Amino acid sequence: MKILVTGGAGFIGSHVADAYIAAGHEVAVLDNLSTGREENVNPKAALHRVDIRDLAKVNDAIASFKPDVVNHHAAQSEVPKSVADPGYDAHVNVVGGLNVLRACVDNSVRKVIFSSTGGALYGEPDVVPADEDHPIRPLSPYGTSKFAFEQYLGTFERTFHLNYTVLRYANVYGARQDFFAEEGRVVAIFAGRMIEGKPLTIDGDGNQSRDMLHVGDIAAANLAALEKGDGGTFHVSSGFPVTVNDLFRKLSILTEYKLEPRFGPGRKGDVYRIALDNTRARERLGWEPRIQLEEGLRLTVDYFRGQIARLRSST
Ligand SMILES: NC(=O)c1ccc[n+]([C@@H]2O[C@H](COP(=O)([O-])OP(=O)(O)OC[C@H]3O[C@@H](n4cnc5c(N)ncnc54)[C@H](O)[C@@H]3O)[C@@H](O)[C@H]2O)c1
């Protein structure tokens, strides 16, 4: 199958592209390298350096590669950035996304797979774990732009018969995540600071919990969605809440970190306790999480150790 992965130079999109190539598919990547990196792009994938806000260039890339499926990961992916600049968030996540959909229709693409969010759609959930039918009430412009695009996918299917699957991710962690990031990305930030023996601040009391999933399990769900889940919306998640304090303890052991954390003020607009029910993905995609938290954290720490050693030896 020919698959175009937008955002395939980024953290998650690059793992998805790798998994498709390993499964024997022909892959091209479309990315403007705003947060993604060229070195993340699989050498077997052609890179189209294109901004999704540029309809003509998106159309050229799709017309020249002629993909059967477009896997759409390109996005403004940070909640705090969306709060600081909701217009930019909407330009990339809604208008840019619509350019991708228009080019898909004009070039007879069979299906679009969309990376949405479970963590930023429901506000403070009424039940934990929340399922996909939980009321939508995003606390950030990012959650709203992601949900708006889900709605457009429904419209494009009804009006232009463009098939789709929506994957609503939990909090994703693993290799290639940006450990210099200031916000979110708790595993990458903790692991990076612990390996370097630097002090670390937990926002709030640390009892806030998240649903954490290793990026390898995310890639597997994107493989399953090539053949299954048409017209469906699925949580891709562990199904369990884990507290930030728990993550701190587990990562401390793996990195032999001896310092105690400082506790800072809680972050405005953050959800306190969330987990996402993945029953629907198990039943309809035939997917289930396979990488246990301890194993995923160990893989991630090993990766960041290698990265930090490389950085040190190059300076
Ligand atoms: N990281 C998570 O926990 C998480 C959770 C839920 C959903 N998601 C979604 O998964 C997708 C990938 O997120 P990520 O964490 O890998 O972030 P990322 O920033 O590493 O990846 C986004 C990619 O999109 C590219 N991009 C950004 N703006 C672009 C534009 N205008 N034109 C072309 N390319 C552009 C970036 O260069 C980058 O390579 C996003 O759609 C995000 O909303 C991520």
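Scoring rules and cut-offs
- Throughout, residues of each chain are indexed from 1 in the direction in which the sequence is written.
- Only residues with pLDDT of at least 70 are given local features in this predicted model, and only at 80 or more are side-chain atom pairs given and counted; all residues enter the totals for whole chains, interfaces and linings.
- Note: side-chain values were computed over all heavy atoms of the structure, leaving out hydrogens and water.
- Note on geometry: axes are lines fitted to C-alpha atoms, helical ones only across the stretch in contact, with angles between N-to-C directions running from 0 to 180 degrees.
- Numbering of helices and strands runs from the N terminus, with a helix taken as a DSSP run of H or I at least four residues long and a strand as a DSSP run of E at least two residues long.
- Oblique is the label for every angle not falling under 35 degrees (roughly parallel), over 145 degrees (roughly antiparallel), or within 65 to 115 degrees (roughly perpendicular).
- Crossings are classed by handedness, with left-handed meaning an anticlockwise turn of the near helix from the far one by less than a right angle and right-handed meaning a clockwise turn.
- In what follows, a contact means two residues having at least one pair of non-hydrogen atoms within 4.5 Å.
- Side-chain classes follow a simple rule in which Ala, Val, Leu, Ile, Met, Phe, Trp, Tyr, Cys and Pro form the nonpolar group, Asp, Glu, Lys and Arg form the charged group, and the remainder, Gly included, forms the polar group.
- Any two strands between which DSSP finds at least two bridges are classified as paired.
- As used in this record, nonpolar core signifies buried Ala, Val, Leu, Ile, Met, Phe, Trp, Tyr and Cys residues forming a set joined through side-chain atoms within 4.5 Å.
- Each residue's exposure class comes from its accessible area (1.4 Å probe, protein chains only) as a fraction of the maximum for that residue type: buried when under 20%, exposed when over 50%, partly exposed otherwise.
- Distance and chemistry together define a polar contact, namely a pair of N or O atoms within 3.5 Å, with one atom able to donate a hydrogen and the other to accept it when in protein, and with adjacent residues in sequence counting only for side-chain atoms on both sides.
- Here a salt bridge means any side-chain nitrogen of Lys or Arg lying within 4 Å of a carboxyl oxygen belonging to Asp or Glu.

S.K.: Could you give an account of the packing of helix α6 (residues 186–195) against helix α10 (residues 293–314), with specific residues and numbers?
M.R.: What describes two packed helices is the angle between their axes and the distance between those same axes. Running from N to C, α6 and α10 point in directions that differ by 55°, and their axes come no closer than 10 Å. Considering the angle they form, α6 stands oblique to α10. By crossing handedness, the relation of α6 to α10 is classed as right-handed. On α10, the residues touching Val-187, Ala-188, Ala-191, Gly-192 and Ile-195 of α6 are Leu-297, Thr-300, Val-301, Phe-304, Arg-305 and Ile-308. When the residues that make up the contact of α6 with α10 are grouped by side-chain class, the tally is eight nonpolar, two polar and one charged.

S.K.: How would you explain the sheet that holds strand β6 (residues 163–169) if you had to name every residue and give the values?
M.R.: Spatially, seven strands are ordered β3-β2-β1-β4-β5-β6-β11 in an open sheet, and the strand pairing comes out parallel. Of all strands in the sheet, those with a lone pairing partner are β3 (46–49) and β11 (233–236), marking the two edges. Pairs of neighbouring strands in the sheet enclose a mean axial angle of 20°, with direction left out of account. Sheet topology places strand β5 (residues 111–117) next to β6; seven bridges connect them, and they run parallel.

S.K.: Break down the environment of Ala-61 for me, with residues and values.
M.R.: Structurally, Ala-61 can be placed in helix α2 (residues 55–65). For Ala-61 and Leu-167, which are 106 residues apart along the polypeptide, the C-alpha to C-alpha distance reads 24 Å. With near-sequence residues (within four places) excluded, Ala-61 lies in contact with Leu-30 and His-48.

S.K.: Give me the lowdown on the nonpolar core, citing residues and values where you can.
M.R.: In terms of nonpolar packing, the biggest core is built from 31 residues, with Ile-12, Tyr-20, Leu-167 and Val-236 touching the most fellow members. Only β1 (2–6), α1 (11–22), β2 (26–31), β6, α7 (215–224), β11 and α9 (279–285) provide two or more residues apiece to this core. A total of six residues in this core trace back to one element, the largest contributor, which is α1. Ile-12 has contacts with His-73, Tyr-169, Val-172, Val-215 and Ile-218, leaving out every residue within four places of it along the chain.

S.K.: Account for the side chain of Thr-165, naming residues and giving values.
M.R.: Considering the arrangement of structural elements, one finds Thr-165 in strand β6. Using a relative accessible area of 0% as the deciding quantity, one classes Thr-165 as buried. Side-chain polar atoms of Thr-165 contact the backbone oxygen of Gly-229, separated by 2.7 Å. Those residues in contact with Thr-165 that sit more than four places away from it in its chain are Lys-111, Val-112, Ile-113, Phe-114, Ala-225, Lys-228, Gly-229, Asp-230, Gly-231, Gly-232 and Phe-234.

S.K.: Describe the pattern of salt bridges, and please don't skip the residues or the numbers.
M.R.: By the definition in use, this model includes 19 salt bridges. A salt bridge links Asp-230 to Lys-111; the shortest N-O distance between them is 2.8 Å. Taken together, the residues Asp-230 in the loop between α7 and β11 and Lys-111 in strand β5 connect sequence positions 119 residues apart. When the shortest N-O distance is used, the salt bridge between Arg-137 and Asp-126 registers 2.6 Å. Taken together, the positions of Arg-137 in the loop between β5 and α5 (141–160) and Asp-126 in the loop between β5 and α5 put the pair 11 residues apart, joining distant regions of the chain. The class for Asp-126 is exposed, based on a relative accessible area of 53%. Counted as one network, the salt bridges with shared partners bring together Glu-295, Arg-298, Asp-302 and Arg-305.

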